[in-house]
Amino acid sequence: STAPVKVTVTGAAGQIGYALLFRIASGQLLGPDTPVRLSLLEITPALKAAEGTAMELDDCAFPLLAGIDISDDANTAFDGTSVALLVGARPRGPGMERGDLLSANGGIFKPQGEALNKGAADDIRVLVVGNPANTNALIAQSHAPDIPAERFTAMTRLDHNRAVTQIAQKLGVGVSDVHKLTIWGNHSATQYPDLFHAEVGGRSAAEQVEQEWLENTFIPTVAKRGAAIIDARGASSAASAANAAIDHVHTWVHGTPEGDWTSAAIVSDGSYGVPEGLISSFPVTSDGTSWKIVQGLEIDDFSRAKIDASVAELSEEREAVRSLGLI
Ligand code: NAI
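Residues numbered from 1 in each chain as written. Predicted model: local features only at pLDDT ≥ 70, side-chain atom pairs only at ≥ 80, totals over all residues. Heavy atoms only, no water.

(A) Spotlight on the overall build of the chain. For the chain, the count of helices and strands is 10 helices and 14 strands. For the chain, the C-alpha radius of gyration of 19 Å lies close to 20 Å, the compact-globule estimate for 327 residues. Evaluated residue by residue, the chain yields a buried proportion of 51% over its 327 residues. Sequence separation of at least 24 residues holds for 72% of the intrachain contacts in the chain that already meet a minimum separation of 6. (Helix = DSSP H or I, 4+ residues; strand = E, 2+ residues; numbered from the N terminus. Rg over C-alpha atoms; globule rule 2.2 N^0.38 Å. Buried < 20%, exposed > 50% of the residue type's maximum accessible area, 1.4 Å probe, protein only. Contact = heavy atoms within 4.5 Å.)

(B) Representation of the packing of helix α1 (residues 15-25) against helix α9 (residues 239-254). Taken N-terminus to C-terminus, the directions of α1 and α9 make an angle of 40 degrees; their axes are 8 Å apart at the nearest point. Accordingly, the angle class assigned to the pair α1 and α9 is oblique. Classified by chirality, the crossing of α9 by α1 is right-handed. Between α1, through I16, A19, L20, R23 and I24, and α9, the contact on the second element is made entirely by A239, A241, A242, N243, A245 and I246. When grouped by side-chain class, the residues that make up the contact of α1 with α9 number nine nonpolar, one polar and one charged. (Axes fitted to C-alpha atoms, helices over the stretch in contact; angles between N-to-C directions. Parallel < 35°, antiparallel > 145°, perpendicular 65-115°, else oblique. Left-handed = near helix turned anticlockwise from the far one by under 90°. Nonpolar A, V, L, I, M, F, W, Y, C, P; charged D, E, K, R; others polar.)

(C) Structural detail: the sheet that holds strand β10 (residues 199-200). What the three strands build is an open sheet, ordered β7-β10-β11; its pairing is antiparallel. Each having just a single partner strand, β7 (178-179) and β11 (203-204) make up the two edges of the open sheet. Direction of pairing for β10 relative to β11: antiparallel, over a ladder of two bridges. The residue of β11 that forms the bridge with V200 is R203. (Pairing = 2+ DSSP bridges.)

(D) Region of interest: the site of the ligand. For the ligand, the set of nearby residues contains 23 residues, the closest of which are Q15, I16, E42, V129 and N131. Between the ligand and N131, the relevant distance is 2.8 Å, taken from an oxygen atom to a side-chain nitrogen or oxygen of the residue. M155 places a main-chain nitrogen or oxygen 3.4 Å from a nitrogen atom of the ligand. Expressed as a share of its isolated accessible area of 870 Å², the protein-covered part of the ligand is 79%. Listing elements by their share of the shell around the ligand, those giving two or more residues are α1 and α4 (98-119). Among the residues forming the shell around the ligand, the class breakdown is 12 nonpolar, 10 polar and one charged. (Near = heavy atom within 4 Å. Polar contact = N/O pair within 3.5 Å; in protein donor to acceptor, adjacent residues only side chain to side chain. Areas by Shrake-Rupley, 256 points an atom, 1.4 Å probe, with all protein chains shown as cover.)

(E) Structural view of helix α7 (residues 211-223). Its 13 residues place the ends of α7 17 Å apart at the C-alpha level, agreeing with the 18 Å of an ideal helix rising 1.5 Å per residue. Each element contacted by the buried residues of α7 is listed here: α6 (157-171), β9 (192-194), α8 (225-233) and α10 (301-323). (Expected span 1.5 Å × (residues − 1).)

(F) Here's a closer look at the nonpolar core. Of all hydrophobic cores here, the largest spans 36 residues; its most connected members are I167, L181, L195, F218 and F282. Elements with a contribution of two residues or more to this core: α6, β8 (182-184), α7, β12 (262-267), β13 (279-286), β14 (291-293) and α10. The leading source of residues in this core is α7, at five residues. With residues near it in sequence (within four places) discarded, L181 still touches H160, A163, V164, I167, D194, L195, A198, W261, T262 and S263. (Core = buried A, V, L, I, M, F, W, Y, C linked by side-chain atoms within 4.5 Å.)

(G) Molecular detail of the confidence of the model for the chain. Taken over all residues, the pLDDT of the chain has a mean of 97, while the share at 70 or more is 100%. Predicted complex metrics record ipTM = 0.98 and pTM = 0.98. (pLDDT = per-residue confidence, 0-100.)

(H) The side chain of T182, seen in detail. Position of T182 relative to the elements: it lies in strand β8. A polar contact is formed between the side chain of T182 and the side chain of W261, at a distance of 2.9 Å. When neighbours within four sequence positions are excluded, T182 is seen to be in contact with Y192, P193, D194, W261, S263, F282 and P283.

(I) A look at the UniProt feature "domain: Lactate/malate dehydrogenase C-terminal" (unreviewed entry) in the chain. When the UniProt feature table is mapped to this numbering, "domain: Lactate/malate dehydrogenase C-terminal" (unreviewed entry) covers residues 156-321. Taken end to end, residues 156-321 is 45% helix and 17% strand, and its two terminal C-alpha atoms sit 21 Å from one another. (UniProt positions renumbered as here; feature names shortened; annotations may be inferred.)

(J) The pattern of salt bridges, seen in detail. For the coordinates displayed, the defined rule picks out seven salt bridges. Between R37 and D69 there is a salt bridge whose closest N-O contact spans 3.1 Å. With R37 in strand β2 (residues 36-41) and D69 in strand β3 (residues 65-71), the pair connects residues that are 32 residues apart, well separated along the chain. Linking R322 and E319 is a salt bridge whose minimum nitrogen-to-oxygen distance equals 2.8 Å. With a gap of three residues between them, R322 and E319 both fall in helix α10, about one helical turn apart. Its relative accessible area of 42% is what places R322 among the partly exposed residues. On the accessibility criterion, E319 (42% relative accessible area) is partly exposed. (Salt bridge = Lys/Arg side-chain N within 4 Å of Asp/Glu carboxyl O.)

See below:
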């Protein structure tokens, strides 16, 4: 039998953590043949709640769950870890300016990057879920110089999945009939869900809808879905966010299907005019080890303007954290 793989979840006592941990422990993250050892990182006041969740994990008697460790110390939580899901973050409070938000998150993601650099396993893969996810990933990555930069990723898979369902419902097909959809840019309201390269039934998705629907319904529905969930549920997306985190890591580890791609925010190599080093969402494939940006897509003027606007926001966030000394 294989040795357990250590998986660290930060913000483990939060609502995404609660939706995520049971699925990891049941084998949905790494597959049915890989035992996992869960490491839960929380802030001190939330340790007791994390212990409660650990009790429930025990009570599931998951055959693949080899053990659970709980800590409020990043060095302990990341020591020897192979998968780090960075979910815990500082939400924007009332009256909080962007600089305050970035500083508060710098205080979380800088030490976590340092702790990963010090102790993570050689095969470490990092997914940042906590917002602002792309820039938090950039902060952590910049404090982990010994880890290859491409191991730091941020989550746009929830946006991707939302977009897949919106177009499938519009065209009256199943979600499995939608291929090659892309989320470009930042996980924020400026993100660009791209239907021009997406295919439904072997044909361009964009050609099967009206441009008016694409611009005024599809794009805003996907980009503002998080707010719509809060409005309806009285709480932010949790199970769907956890599901997307599972999807992201599962695809990274097991690879994308032949002839298709997905969306993930990964470090830019300059492709599609996205400045090098930004952690931006792209069309990506995985071979089971690393992500690769799908090359050679033609970008028309409409898409170019949308991608540029979201990437400009990422550049501004990078400038802001640079001037705050966080990277
Ligand atoms: P939550 O508030 O329920 O839980 C966050 C948890 O993080 C809390 O238990 C808190 O104690 C913990 N935490 C705070 N600082 C920490 C630190 N330094 N180390 C370890 N744990 C720490 O929030 P929820 O709903 O679970 O969301 C978590 C994050 O995910 C938020 O930033 C949210 O905006 C983001 N999110 C991102 C999505 C995406 O698509 N990328 C989608 C949905 C949410």
